Each structure stands twice: as C-alpha cells, then as structure tokens.
Amino acid sequence: MSVGGVAGMNINWYPGHMAKAKRLLRDQLSRVDVVVELCDARLPYSSRNPELDRLAQGKKRVLILNKADLADANATSLWLGHFRKEGLTAAPFNAVGGKPKEVVSLIETAAAEAIRRAADKGVKKVVRAMIVGVPNSGKSTLTNRLYGGTIARTGDKPGVTRANQWVNVTPWLQLLDTPGLLWPRLDDQLAARRLCYIGSVKDDVVDLPMLTIHLLEDMLSVKPDSVCERFHLSDSALRGPELLDAVCRGRGFLLKGAACDYDRCCTVVLDEFRAGKLGRITLEWPDKPGKEAASDEAE
Ligand SMILES: Nc1nc2c(ncn2[C@@H]2O[C@H](COP(=O)(O)OP(=O)(O)OP(=O)(O)O)[C@@H](O)[C@H]2O)c(=O)[nH]1
Ligand SMILES: [Mg+2]
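The structure contained in this document is the topic of the report that follows. (Residues numbered from 1 in each chain as written. Chains lettered and ligands numbered in written order. Predicted model: local features only at pLDDT ≥ 70, side-chain atom pairs only at ≥ 80, totals over all residues. Heavy atoms only, no water.)

A word on the overall build of the protein. Helix and strand content of the protein: 11 helices and six strands. Considering the protein as a whole, with its 299 residues, one finds that 53% of them fall into the buried category. A separation of at least 24 residues holds for 70% of the contacts in the protein among residues at least 6 apart in sequence. Summed over its atoms, the accessible surface of the protein is roughly 13600 Å², and 50% of this surface lies on carbon and sulfur atoms. (Helix = DSSP H or I, 4+ residues; strand = E, 2+ residues; numbered from the N terminus. Buried < 20%, exposed > 50% of the residue type's maximum accessible area, 1.4 Å probe, protein only. Contact = heavy atoms within 4.5 Å. Areas by Shrake-Rupley, 256 points an atom, 1.4 Å probe, with all protein chains shown as cover.)

Now the structure itself:
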C-alpha cells in the first residue's frame, strides 16, 4: 500500500454549513451574555477555536473540557492549570453523565455582573448562553444534559446539528446549541489530523489508512502497553504501513488469501479509539500542545 504525507489528506475545512455557522455565530454573539466553549479533553489544543478570542472579544467565557471521562485525568488537571493561568474559567465535564449544576453554576458565575445589574433595577435576569465548539465535541449532548431530557439531536459523527436552537434550561437560563464549527489553523495539519481522530471531520474526506497509521503511532507514543495489548502487537516500535499491517494480522483483519483488510482495520481502530476502548487517553499536553506526542508522556 502507499501512504502519502499528512498534507495529502486534503481536509476540507469549509463544507457549506461550516461557513454559515461561523456567520451565525457572529450574529448571535451580540445576543448572549456568556459563551460556553466546548473542547475535547483529549485534544484541548487542537479542538479549540483560535479565532474565538477575536470573535468573542469582551464576552464572558467558560471553557468546558468535555469528554473528560475519555481523557487522562493527569493531563486534564495540567490543562486546567494552564487555562486558569491564562485567565480562562475552565472545567472538565462529561456531558453524558456529569452533574448539570456544575456547568450551570459556571455560567451563572460568568454572568454574575449582568445578574446583579438587573437585580439593582428590580429585574430578574434571564441569562443567555451560547455553546460553541468543533463538530462532535458534545454541544447538543451538553444541551440535553442541562435541559434534563432530549431536546437536541445528537450523534457520533460531525455535522449533526444543522441550525441554531434555543433551549430553555430554566426560566432564568436559555442555551443556544449551535452547529459545530471548524476553522483553518493555517498550515497546521497536525491539528487537522487530530480533529479527524475525534470525529470532527467526516471520515470520507480523509485518507483513512494514513489517518489510522498516525492515530496508532500517536497512541503508541502515549500508551504503548495498552495499544500493544488491544491490537495484539509484539513490537511497540513499529511505525508506518508495517504498523497497520501488524494490527491487521494481530486482530485477524484479513481477506481471502491472507491479504490485509485495511478498510475493516481502519474502521475498527478509529471506532475503538473514539469509544474509549483503549482506556483514558490524552494526545496533547500543555507544554508542547502542537507537537507530536512523545514517549516521556507515558503514564
Ligand atoms: N464519552 C463521552 N461521550 C460524549 C460526551 N459528550 C458527548 N458525547 C458523545 O459524543 C457524540 C457527539 O455528541 P453531540 O452532542 O452530537 O456533539 P455536537 O458537538 O453537538 O456535534 P455537532 O452537532 O455535529 O457539531 C455523541 O455520540 C455523544 O454521545 C462526553 O462527555 N463523554
Ligand atoms: Mg450538535
């Protein structure tokens, strides 16, 4: 098999609704008190929107490291320290099973000044918060969690939410669920590829064997023992196409005549990573966020 460079993945950053979502985001900002930004706790650098500082200038912000149940707990605390040092209000969360109150309190604290100002005028403030984040980061799941039921459509693929949706969480808190937004981190193919790992980019626009090799390599750098065990590898130093072949053979993803079944292999490796089957794992750390994972980051 042939495997090209990462740049060959040709990730399409701007499918139509992404550009539209960005416009909608800008329009809605003036109508909200708080911006709740969701990133993926496994990729707190690559899954953040570098344009948000500019777009949401002057707005109260809360950063949620969502899917914290899938991330390495030590890495998450390091990231929290990092963001707090930058002056950001940040907290880990599991939108599937976390306590809604934790996020509601953060939003209310962020809006405290506006709540007080309204109270001074004898009015009880209705806080409006919008949720933004890359596709598949869990915005609609968080919306449902805070609402206490199913009001927003969710799904483990990008682009499930197509339009803004206001939800009354309480009489005093309204949430705006938004479509996932990608952005070009110019020349940053590493961030691009990591967003593919977590399902923020449609799998059909990327070179899956190449993506899978990179994912296996990144996971091996961080959790070699778990990867070797899960994929029946005897050599954690394998890299490139040989690594993919070894996983195919180790897990028995073979076609007639014992040729490797790459399609099946890629699907399974990506699915198992996304489902947390390798245990809690974080692929980037605050001291070298935009770099390749390194072996000294092992548990
Ligand atoms: N393990 C885990 N899974 C989560 C969490 N939050 C969301 N998910 C899952 O992630 C997938 C995507 O969730 P959505 O809420 O649809 O994501 P979204 O950000 O609204 O996605 P778009 O609308 O496509 O932008 C779903 O399968 C959720 O069940 C979390 O905190 N932990
Ligand atoms: Mg959604």
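Having seen the model, we can carry on.
As enumerated under the stated definition, the model contains two aromatic pairs in all. Both rings, one in Trp79 and one in Phe83, keep their centres 5.5 Å apart while their planes meet at 25 degrees; by these two values the pair is stacked. One end of the pair, Trp79, and the other, Phe83, are both in helix H3 (residues 73-85), four residues apart, so they sit about a helical turn from each other. Like Phe83, Trp79 is buried. (Phe/Tyr/Trp six-rings, centres within 6.5 Å; stacked < 30°, edge-to-face > 60°.)

All right, on to the site of ligand 1 then. In the region of ligand 1, 23 residues are neighbours, and Asp69, Ala95, Lys139, Thr141 and Thr161 sit closest. Here an oxygen atom of ligand 1 and a side-chain polar atom of Lys67 are 2.9 Å apart. Gly159 has a polar backbone atom sitting 2.9 Å from an oxygen atom of ligand 1. Protein contact buries 89% of the 650 Å² of open area that ligand 1 shows by itself. Taken together, the residues that form the shell around ligand 1 break down as six nonpolar, 12 polar and five charged. (Near = heavy atom within 4 Å. Polar contact = N/O pair within 3.5 Å; in protein donor to acceptor, adjacent residues only side chain to side chain. Nonpolar A, V, L, I, M, F, W, Y, C, P; charged D, E, K, R; others polar.)

Across the interface, helix H7 (residues 189-197) lies against helix H8 (residues 208-222) with an axial gap of 10 Å and an inter-helix angle of 90 degrees. By the angle class used here, H7 and H8 are roughly perpendicular. Only Leu211, His214, Leu215 and Asp218 of H8 make contact with H7, whose side of the interface consists of Arg193, Arg194, Cys196 and Tyr197. Partitioning the contact of H7 with H8 into residue classes produces four nonpolar, one polar and three charged. (Axes fitted to C-alpha atoms, helices over the stretch in contact; angles between N-to-C directions. Parallel < 35°, antiparallel > 145°, perpendicular 65-115°, else oblique.)

It is worth spelling out the coordination of the magnesium ion (ligand 2) at this point. Within the protein, the atoms that donate to the magnesium ion (ligand 2) are Ser140 (OG) and Thr161 (OG1), at distances of 1.9 to 2.1 Å. On the criterion of sequence distance, the pair formed by Ser140 in helix H6 (residues 139-147) and Thr161 in the loop between H6 and strand E5 (165-170) is long-range, its members being 21 residues apart. For Thr161, a relative accessible area of 13% corresponds to the buried category. (Donors = N, O, S within 2.8 Å, 3.2 Å for Na, K, Ca; no water.)

Pairing within the open sheet is mixed, and its six strands lie in the order E3-E2-E1-E4-E6-E5. Looking at which strands have only one partner, the edges of the open sheet turn out to be strand E3 (90-92) and E5. With strand direction ignored, the average angle separating the axes of adjacent strands in the sheet is 25 degrees. With five bridges connecting them, E5 and strand E6 (residues 173-177) associate as antiparallel partners. Paired with Val167 across the bridge in E6 is Leu175. Sheet strands touched by H3: strand E2 (60-66) and E3. Its angle to E3, the strand with the most contacts, is close to 165 degrees. (Pairing = 2+ DSSP bridges.)

Counting 35 residues, the largest nonpolar core has Leu216, Met219, Phe231 and Leu283 as the members making the most contacts within it. Those elements that place two or more of their residues in this core are H7, H8, helix H9 (224-230), helix H10 (240-251) and helix H11 (262-274). No other element matches the seven residues that H8 contributes to this core. When near neighbours in sequence (up to four residues on either side) are disregarded, Phe231 contacts Leu216, Met219, Val247, Gly250, Arg251, Val269, Glu272 and Leu278. (Core = buried A, V, L, I, M, F, W, Y, C linked by side-chain atoms within 4.5 Å.)

Any functional reading would require information beyond the geometric quantities listed.
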